[in-house]
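Listed below, chain by chain, are the residues.
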Amino acid sequence: MEKSFFVRTFGCQMNEHDSERISNLLIRDGYVSSDNALTADVVVLNTCCIRENADTKLYGNLGHLKAIKDEREDFKIVVAGCLAQKDRDLIRKRAPWVDLVVGTHNVSRVATLLEETSTKGPIVEILEESILDQEFFSSPGPRLSLPYSAYVTVQIGCDNNCAFCIVPQVRGKEISRPFGELLGEVRQLAQDGVTEITLLGQNVNSYGRDLTVDARRSGVFDSKIVGEQYLSEEGARLRPLFGDLMREVAQIDGISRVRFTSPHPKDLRPETIEAMASTKEIMNHLHFPLQSGSDRILALMHRGYSAERYLEKLRDARLGIDDLAVTTDIIVGFPGETEEDFEATLEVAASAQYDGAYTFIYSPRPGTEAAAMVDRFIAPEVISDRFDRLKVVIERSALARHEARIGRVEEVLVEGPSKKNPDHMSGRTAQNKLVHFNKEPQFNSAERLGVGSYVEVEITSATPYFLRGRLLNVVRSPRHRRKLQVAAY
Ligand code: 5AD
Ligand code: SF4
């Protein structure tokens, strides 16, 4: 019988992407995907260490899994991701029943290592640097859950040093993938029927910075690395900018939607805005992490911008890009944050008029600069009060911006039946807003909506978190290959 695996992902899109990579490798190795951890042969926990309680959650989960391990000896437990990278041997010390611990730089070895655990026993393999060729330079293909969509990692690591953030320590220095390879990968995805590409990087807008530095140092300018058109014998402009990459990706046949996450506000360049403004396939949504609205806190965080500069960049983006949706990340309770600092955050958030925000309670990550500011930690009850007040401000602007869309007809990419109400379908607008809409009684069965179709929906009502609407038309059917139903007999 086929062996099955279950993957649980914690954290960000980068991790989700790594989970897809792990899943694809296991599928290639003959495993089938399962959505039940209790009956699967292998459980993979892909961990995150960016925010609160990651370790409590991990060890809680491992505690539950131990019961299964005690019953079934051939049951395998894999811990991958950032927390594994950071905690290494500690994981097996605290949970000796774990079979395999892999870090962020050798995800591609999961299937091989898992096989080896059967003969060698438990393995911990954490590398300091990527095994690049096999690692992030290989495409994991379309997303398993949404086969019309793919994440493409354009850059790994981060060269910034935000005082609260553990990423530079666990993901290493910034490395960009060669321009030509990225385009090749997107072409292949498009051939497989993918129509939506999300370009991923911790600091995506500084894509290419390292490519040209390396090329300059070595004196070799390879078109595969920097892109044909960015080569110049006189060495004029050698750097492919992120905007160039997005434009070229957008021009690939079959690609209708290009998204990206996340740019760092200090690095948002006019060229990126220009590329978004002039290319219809690049979606009008900008995730623009503010973190704090207080200049004093921003400086302590080493963010490299003031609140005023942030708002200026945002204004430029809104002026340049038609109908732009803007979302953000904000941390509440960074060490030393006073009421005045927090009020500055409320003010900036109100004037930015966000469509939505991920709001985080500051969580000390051991080894980061801010984690040492113990004497300035903020009391939990103060943080929780601030957190609630920030939520009110965010929800107010999100609702206003969503209500302003009522009556509009939006193009929606269909994700599938609504999770809450199976009588409805769900999908995303160009601005990345979730829309729930009615199923299609007006269409005959040949025209039924497939996952990955593009449809027109009239927006009928709004909440701060999603829109509701009425299906008007099917614009385009899905292009991706669908799995054929195999008759059972
Ligand atoms: N505490 C709280 N939030 C954090 N983030 C990163 N590190 C921390 C931390 N130590 C948030 C930031 C970042 C998002 C991905 O996670 O807002 O943009
Ligand atoms: Fe972390 Fe700052 Fe790098 Fe983002 S830019 S990954 S917050 S260090």
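My aim in this report is to walk through the structure given alongside it, one point at a time. The structure presented is a predicted model; accordingly, all values stated were derived computationally and were not measured. (Residues numbered from 1 in each chain as written. Chains lettered and ligands numbered in written order. Predicted model: local features only at pLDDT ≥ 70, side-chain atom pairs only at ≥ 80, totals over all residues. Heavy atoms only, no water.)

## Some details on the side chain of serine 4
To keep it simple, the criterion reads: Each helix is a run of H or I in the DSSP string that is no shorter than four residues. Each strand is a run of E no shorter than two, and both are numbered from the N terminus. Here the term buried applies to any residue with accessible area under 20% of the maximum for its type, exposed to any over 50%, and partly exposed to those in between, with areas from a 1.4 Å probe on protein chains only. Here a residue-residue contact requires only that any non-hydrogen atoms of the pair lie within 4.5 Å.
Mapped onto the elements of the fold, serine 4 is located in strand β1 (residues 4-9). Under the relative-accessibility criterion, serine 4 is labelled buried at 12%. The contacts of serine 4, once residues within four sequence positions are left out, are Tyr31, Val32, Ser34, Thr39, Ala40, Asp41 and Val42.

## A look at the nonpolar core
Stated precisely, the cut-off is as follows: We call a set of buried Ala, Val, Leu, Ile, Met, Phe, Trp, Tyr and Cys residues a nonpolar core when their side-chain atoms join them within 4.5 Å.
Counting 55 residues, the largest nonpolar core has Ile197, Leu199, Leu245 and Tyr354 as the members making the most contacts within it. Core analysis: the next-biggest nonpolar cluster, separate from the first, contains 27 residues, Phe6, Leu45, Val79 and Leu83 among them.

## A few points about the pattern of salt bridges
Here the idea is simple: oppositely charged side chains can pair when their charged atoms come close. As a reminder, the rule being used: Counted as salt bridges are all cases of a side-chain nitrogen of Lys or Arg within 4 Å of a carboxyl oxygen of Asp or Glu.
By the definition in use, this model includes 28 salt bridges. Close ionic contact of lysine 66 with aspartate 70 constitutes a salt bridge, the shortest N to O distance being 3.2 Å. In this pair, lysine 66 and aspartate 70 are both assigned in helix α2 (residues 54-71), four residues apart and thus about one turn of the helix distant. For lysine 66, a relative accessible area of 30% gives the class partly exposed. Each of Glu337, Glu339, Asp385, Arg386 and Arg389 takes part in salt bridges that share partners, so that together they form one network.

## Focus on the environment of proline 168
With respect to the helices, strands and loops of the structure, proline 168 is situated in helix α6 (residues 167-171). When the C-alpha positions of proline 168 and isoleucine 156 are compared, they lie 9.8 Å apart, and in sequence the two are twelve residues distant. Sequence-distant contacts of proline 168, that is, excluding residues within four places in its chain, are made with Cys158 and Asn160.

These results come straight from atomic positions and should not be treated as a statement about function.
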